[in-house]
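# Structural description and commentary
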Amino acid sequence: MAFIQFKHKPKNELEYGGRQAALQGDENEPTEMCPNCHKEVPISYLSANAHVCPCGYHFRISGRRRLRLVVDGGSFEELDQNVVARDALKFPGYEKKLAVARDVSDEPEAVICGKAFIDGNECYLFIMESAFMMASMGSAVGEKITRLFEYALRDGLPVVGFTVSGGARMQEGIISLMQMAKTSAAIRRHSDAGLLYCAVLTDPTTGGVTASFAMEGDVILAEPGALIGFAGPRVIEQTTRKRLPKGFQRAEFLLEHGFVDAIVERSKMRSTVAQILEIHTNARGGEAHE
Amino acid sequence: MNNVTAYDRVKAARANTRPLGSDYITGILSNFIEMHGDRAYSDDAAIVAGIGLMGRRPVTVIAIEKGRNAKERTQRNFGAPHPEGYRKALRLMKQAEKFNRPVICFVDTSGAFCGFGAEERGQGSAIAQNLFEMSGLRVPIITILVGEGGSGGALGLAVADRVWMLENAIYSVISPEGCASILWKDASRANQAAQSLKLTAQDALHLGVIERILPEHCLGKPSFFAAVRAEIENELLQLDQLSVEELLQQRYERFRKMGTYDE
């Protein structure tokens, strides 16, 4: 069984895995510009390669796509899809923002929750959706994640969570801040029962989500290049009036400073998470953890 | 009173004439001994913490301190804690748990500091650890927001059994200026943002985020501190009645019920 793969930087074009060949597609084929290497990458190449550019850049992907990349086909049982935001404070423009977010993301809320198998390992799973108001956390997101940990506690199962977020959803005021405490308390109970929570931080994970459940995993993985921080880089530049160095708040920076366990490439994420789940299933001398 | 706008409260909460975190410590406790440092990196002067007596009862007290004059404010980073401040607070909470004494927190911060060092040393992780640990801490926790309750930086000391606010304190997920500049690209509309954010003590009480509003009658005078102390002492007597399991269960439910969503 392979060890967890740390980010391996390709040193030449051969190591990129035939980049020239891959990039010479049909001329009429739609492409997407890579924000890292600034090359046009054929969509067909991205689809076949988990939306990772030959240069190693991990494109942001939708929650559903990530779900397909991570769970065993047909094993996902979605939960609490009907828990959605309410504009309790009558906050200016919030209703409209919600309507747009639902339309753009095609999701009812900013997190997808459910039960699934990953390489045969049963777990509860949440995946945040950045197309929905940059996956900000309001009451509905907090409630769905809290319930997920409560179900997992009840069933004695681990939780795997993929985070992406701009932070607390300010349109819900102070109640959105309280979701940080609510989710943390549920994670604490789940943890006290000896159950595993594996957090996977993806680009970008910031604000109140970083300051709560993203950083509360027993195991914390991150995708290469993911921006992970409490304050956003723009806020820091404004506060300190200093330019930030290259690579600041990227996954590699957090690894170096000791805040994530490992950086895992998207193509190896499923097998790595499965391996971690498996190791935790066989605690206590090979007996299944009940 | 009813003509006071939300932004008036914001200004009042920020006024440098208000008592500081350390004033509450000296006003309420006797025999206070300050404890420094997070035992890992450094001592964050934005958080003053230690042990003392409230009457005959030993307590651990943690206060965010903005500083009294220009020099002190710089030294205390204007009450914006770094990760080591939250870690010092957590260290003292665990110490309180070991010696079975309650924890009293006084919160007054515009927010956890946003800077290079704070990120490098894991501001998000430090606050997250506090939320996680405080939700299971086996001794009573009372938190009083005495001025600004700025977002995660305030919540990092506010996962408590009772959360109270002073009449003119505020508790908000984002500063009204920050909110206005995101929403309308115009920080000068903070007034309007303050209204929308529902950040006053009255709002927090209505929303079920706090249990009590403490009046600011004679603010900063000995009689004021005596009144605050009496409130805390009475509440601790109530909390003494609970078993650890009941205490933790009630703390869980306190936060569990927060949230408005459709289903």
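## Digging into the confidence of the model for chain A
All names here are of chain A.
- Predicted confidence across chain A gives a mean pLDDT of 90, with 88% of residues reaching 70 or more.
- A low-confidence stretch, residues 10-22 (pLDDT under 50), is modelled with 13 contacts involving residues beyond four sequence positions or located in other chains.
- Every residue in residues 286-290 is under pLDDT 50, and counting partners more than four places away or in other chains gives nine contacts.

## Some words on the interface of chain A and chain B
- Taken together, the 57 residues of chain A in the interface contact 49 residues of chain B.
- Around 4,600 Å² of area is buried between chain A and chain B when both sides are counted, 68% of it from carbon and sulfur atoms.
- Taken together, chain A and chain B are joined by five salt bridges.
- The shortest N-O distance in the salt bridge between Arg 256 of chain B and Glu 150 of chain A comes to 2.7 Å.
- Listed by contribution, the elements that provide at least two residues to the side of chain A that touches chain B are strand S4 (84-85), helix H5 (139-155), helix H6 (173-192) and helix H8 (233-240) of chain A.
- Among the elements that take part in the side of chain A that touches chain B, H6 of chain A stands out by supplying 17 residues, more than any other.
- Residue composition of the side of chain A that touches chain B, by class: 30 nonpolar, 16 polar and eleven charged.
- Bridge analysis of S4 of chain A against strand S9 (residues 261-262) of chain B gives two bridges, and the strand direction is antiparallel. Paired with Val 84 of chain A across the bridge in S9 of chain B is Asp 262 of chain B.

Conventions adopted
- Residues numbered from 1 in each chain as written.
- Chains lettered and ligands numbered in written order.
- Predicted model: local features only at pLDDT ≥ 70, side-chain atom pairs only at ≥ 80, totals over all residues.
- Heavy atoms only, no water.
- pLDDT = per-residue confidence, 0-100.
- Contact = heavy atoms within 4.5 Å.
- Buried area = accessible area lost by both parts, 1.4 Å probe.
- Salt bridge = Lys/Arg side-chain N within 4 Å of Asp/Glu carboxyl O.
- Helix = DSSP H or I, 4+ residues; strand = E, 2+ residues; numbered from the N terminus.
- Nonpolar A, V, L, I, M, F, W, Y, C, P; charged D, E, K, R; others polar.
- Pairing = 2+ DSSP bridges.

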